[in-house]
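# A look at the structure
In case you want the letters, here they are:
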Amino acid sequence: MRPLHLAAALLMVTIWGLNFVVIRWGLDQVPPLTLTLLRFALAAFPALLLVARPRARLAQVAAYGLFAFALQFGLLFAGMAAGMPTGLASLVIQMQAFFTIGLAMALTHERPAPAQAAGAAVAGLGVLVVGLHLPGGTRIGLALVLAAGLSWAVANLIVKRMSGGAAARPSEPLAIVIWGSAAACVPLALAALALEGPARMREAVAAMGAGQWAGLAFQAWPTTLLAFGLWAWLLRLYPAALIAPFTLLVPVVGMSSAVWLLDDAVTWWKLAGAALVLLGLALNVLAYRGRAP
C-alpha cells in the first residue's frame, strides 16, 4: 500500500472516530432521523451543483446512498439515541468489516481462511461481552448499531461494483458520495416525517444554536465528503478485505475521545469487549496478508 494511500486511510479513520463525539452532542438537541437528514442535506447541497454526476448508473448511486447513508446512519443515530454509549457505538459498528467479508464470500462462494473465521468468532465474542453487560433497554441500541454495520457492508459491495475503473474521473469517489448523499435525503425525509413528525422536526431545527450547526457542518463536510470520499477511493484501488479492517482504528479514536470529551466511564467489560473486537479485526488483517499474492 502506497504511503499516500496509508496516510489517507489514517486521516479517514481519525475523522470518523472523533465524529462519534460530535454525533452525541447533536443527539442531545435533535432527534436522530432529523439529524441524519440535516447531515446529508448539507453534504449534498450546494456541492451537487458543483460536481458532475458519477459515471456509475443512477440506480447504483441511489442504492449506495440508501445503504451507506440513509440506513447506516439512521440506524446508528437511532441506536445512540436509544442509549448505546458513544465509545461502544464506535466499536460495535466496526463489525461491518466481517459483514463485508461474509457478504463478499457468499457472493463469490469463497471459503474463509481459518484466521478469518477465528477473527470473526473472537470479535463476535467481544460484542457478546458488551451486550451482556449493557442495561436491558440499551440492547435495542446495540441491535440497531449492528444493523447499521450490516448496511455499511452492503454499501461497500455496491461501491466496489460501480463502473468506472481506470477510466473514472479523478472526482469520481467524491461525486459518488455527494450524489449518494442527495439520494439518501429522500428516504430519510420520509422516515423523519413519519416517525418524528414535522412539528418536532421544526422545533428541533429552530432550537439549534451555533454549536449544533458547527457540529452538523463537521458531520457533513470532513466526515461525509472528505472521509467517505477517501473510503470510496480506497475501495476502488484495493480489495475490500484489505481496506475494511483499517476501521479497527476508529474505535481507538472514538472510545478515547468519548472518555476525554464526554467523561464516558471506563469499565473492565468495555475494555475486554474492545480488546476482543480489535483482536478479531487484527486476525482478519493477518489472514488477508497471508492470502494476498
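Here, the structure is the one placed above.
Here the residue numbers are simple positions, counted from 1 along each chain's written sequence. At least 70 in pLDDT is required for a residue's local features to be given in this predicted model, at least 80 for side-chain atom pairs to be given and counted, and no such filter applies to totals for whole chains, interfaces and linings, which use all residues. Calculated side-chain values reflect all of the structure's heavy atoms, with hydrogen atoms and water omitted.

Right, let's get into the overall build of the chain. The helix and strand labels rest on DSSP assignments: H or I over at least four residues marks a helix, E over at least two residues marks a strand, and numbering proceeds from the N terminus. Each helix and strand counted, the chain has 13 helices and zero strands in total. The N-to-C order of helical and strand elements in the chain reads α-α-α-α-α-α-α-α-α-α-α-α-α. Throughout, the radius of gyration refers to the C-alpha atoms, and the reference size of a globule is 2.2 Å times the residue count to the power 0.38. Over its C-alpha atoms the chain spans a radius of gyration of 18 Å, differing by no more than 12% from the 19 Å that the globule rule assigns to 293 residues. Structurally, the chain occupies a C-alpha span of about 55 × 50 × 30 Å along its principal axes. Burial classification: accessible surface area is computed with a 1.4 Å probe over protein chains only, and a residue below 20% of its type maximum counts as buried, one above 50% as exposed, and the rest as partly exposed. Here the chain holds 293 residues, and 52% of them are scored as buried. The contact rule is simple, with two residues in contact once any of their heavy atoms fall within 4.5 Å. The long-range share in the chain, meaning contacts at least 24 apart out of those at least 6 apart in sequence, stands at 90%. Per-residue and other accessible areas were derived by the Shrake-Rupley procedure at a 1.4 Å probe size, with only the shown protein chains allowed to occlude residues. Here the chain has roughly 12,400 Å² of accessible surface; of this, 72% comes from carbon and sulfur atoms.

The next point concerns the nonpolar core. We define a nonpolar core as any set of buried Ala, Val, Leu, Ile, Met, Phe, Trp, Tyr and Cys residues linked to one another through side-chain atoms lying within 4.5 Å. Among the nonpolar cores identified, the biggest contains 84 residues, and Tyr64, Phe69, Leu76, Phe228 and Trp231 are the most heavily contacted of them. At 10 residues, the largest contribution of residues to this core is made by helix 10 (residues 210-237). Setting aside chain neighbours within four positions, we find Leu76 in contact with Phe20, Ile23, Ala89, Ile93, Val145 and Ala148.

In this section: a nonpolar patch on the surface. On the surface, a cluster of nonpolar side chains totalling about 240 Å² of accessible area is made up of Met1, Leu6 and Leu10. Position of Leu10 relative to the elements: it lies in helix 1 (residues 3-27). What goes into a patch is any residue over 30% in relative accessible area without a salt bridge, connected to like charges within 9 Å or, for nonpolar side chains (Val, Leu, Ile, Met, Phe, Trp, Tyr), within 5 Å. Each salt bridge in this description consists of a side-chain nitrogen of Lys or Arg and a carboxyl oxygen of Asp or Glu lying within 4 Å of one another.

This paragraph deals with the environment of Pro54. Relative to the elements of secondary structure, Pro54 occurs in the loop between helix 2 (32-44) and helix 3 (58-81). The exposure class of Pro54 is buried, given its relative accessible area of 1%. Along the primary structure Pro54 and Ile176 are separated by 122 residues, whereas in three dimensions their C-alpha atoms are 5.8 Å apart.

Here we take up the packing of aromatic side chains. Within a pair of aromatic rings, the relevant descriptors are the distance that separates the centres and the angle that separates the planes. Within 6.5 Å between ring centres, the rings of Phe, Tyr and Trp (the latter by its six-membered ring) count as paired, and their orientation is classed by plane angle as stacked under 30 degrees, edge-to-face over 60, tilted in between. The tally for this structure, following the rule as stated, stands at 11 aromatic pairs. Between the aromatic rings of Phe73 and Phe228, the centroid separation amounts to 5.8 Å while the plane-to-plane angle is 75°, which identifies the pairing as edge-to-face. Residue Phe73 is found in helix 3, and its partner Phe228 is found in helix 10; the two are separated by 155 residues along the sequence. Taken as a pair, Phe73 and Phe228 share a single burial class, namely buried.

This paragraph deals with helix 3. Here the expected length of a helix is defined as 1.5 Å per residue gap, with one fewer gap than residues. With 24 residues, helix 3 ought to run about 34 Å at 1.5 Å a step, and its terminal C-alpha atoms sit 32 Å apart, in line with that. Looking one or two places after helix 3, you find Gly83, whose phi comes out positive at around 115°.

This part covers unusual backbone geometry. In this structure, the amide linkage connecting Phe45 to the following residue, Pro46, adopts the cis form with an omega of 10°. Tracing the backbone shows Pro46 in the loop between helix 2 and helix 3. Even without glycine at this site, Asp263 takes up a positive phi of about 60°.

Now for the side chain of Ser257. Take Ser257: it is sitting in helix 12 (residues 250-262). Pairs of N or O atoms within 3.5 Å make up the polar contacts considered here, provided that, within protein, one atom can donate a hydrogen while the other can accept it, and that residues adjacent in sequence are counted only when both atoms are side-chain atoms. A polar contact is formed between the side chain of Ser257 and the backbone oxygen of Gly254, at a distance of 3.1 Å. Beyond its immediate stretch of four places on either side in the chain, Ser257 contacts Gly17, Leu18, Val21 and Leu262.

Before going further, it helps to spend a moment on the packing of helix 3 against helix 10. The relative placement of two packed helices is expressed as an angle between their axes plus a distance between the axes. Whenever a helix is involved, its axis is fitted only over the stretch in contact; in every case the axis is a line through C-alpha atoms, and angles between N-to-C directions fall within 0 to 180 degrees. Between helix 3 and helix 10, the least distance of the axes is 14 Å, while the angle of their chain directions is 130°. Viewed along their axes, helix 3 and helix 10 adopt a mutual orientation that is oblique. The crossing of helix 3 and helix 10 is right-handed. Counting all contacts with helix 3, which are made through Tyr64, Phe69, Gln72, Phe73 and Phe77, the residues of helix 10 involved are Gln219, Phe228 and Trp231. Grouping the constituent residues of the contact of helix 3 with helix 10 by class yields six nonpolar, two polar and no charged. Oblique is the label for any angle not covered by the other classes, which are roughly parallel (under 35 degrees), roughly antiparallel (over 145) and roughly perpendicular (65 to 115). A crossing counts as left-handed when the near helix is turned anticlockwise from the far one by less than a right angle, and as right-handed when that turn is clockwise. For this classification, Asp, Glu, Lys and Arg are treated as charged, while Ala, Val, Leu, Ile, Met, Phe, Trp, Tyr, Cys and Pro are nonpolar and the rest, including Gly, are polar.

With that settled, the discussion passes to the side chain of Thr34. Note that Thr34 resides in helix 2. A relative accessible area of 2% means that Thr34 is categorised as buried. A distance of 2.6 Å separates the side chain of Thr34 from the side chain of Glu196, its partner in a polar contact. Residues within four places of Thr34 in sequence aside, it is in contact with Ala192, Glu196, Met201 and Val205.

Before going further, it helps to examine the environment of Ala206. Tracing the sequence through the fold places Ala206 in helix 9 (residues 198-207). As for Ala206 and Ala47, which are separated by 159 residues in sequence, their C-alpha atoms are 24 Å apart.

Bear in mind that shape data such as this cannot, by itself, settle questions of function.
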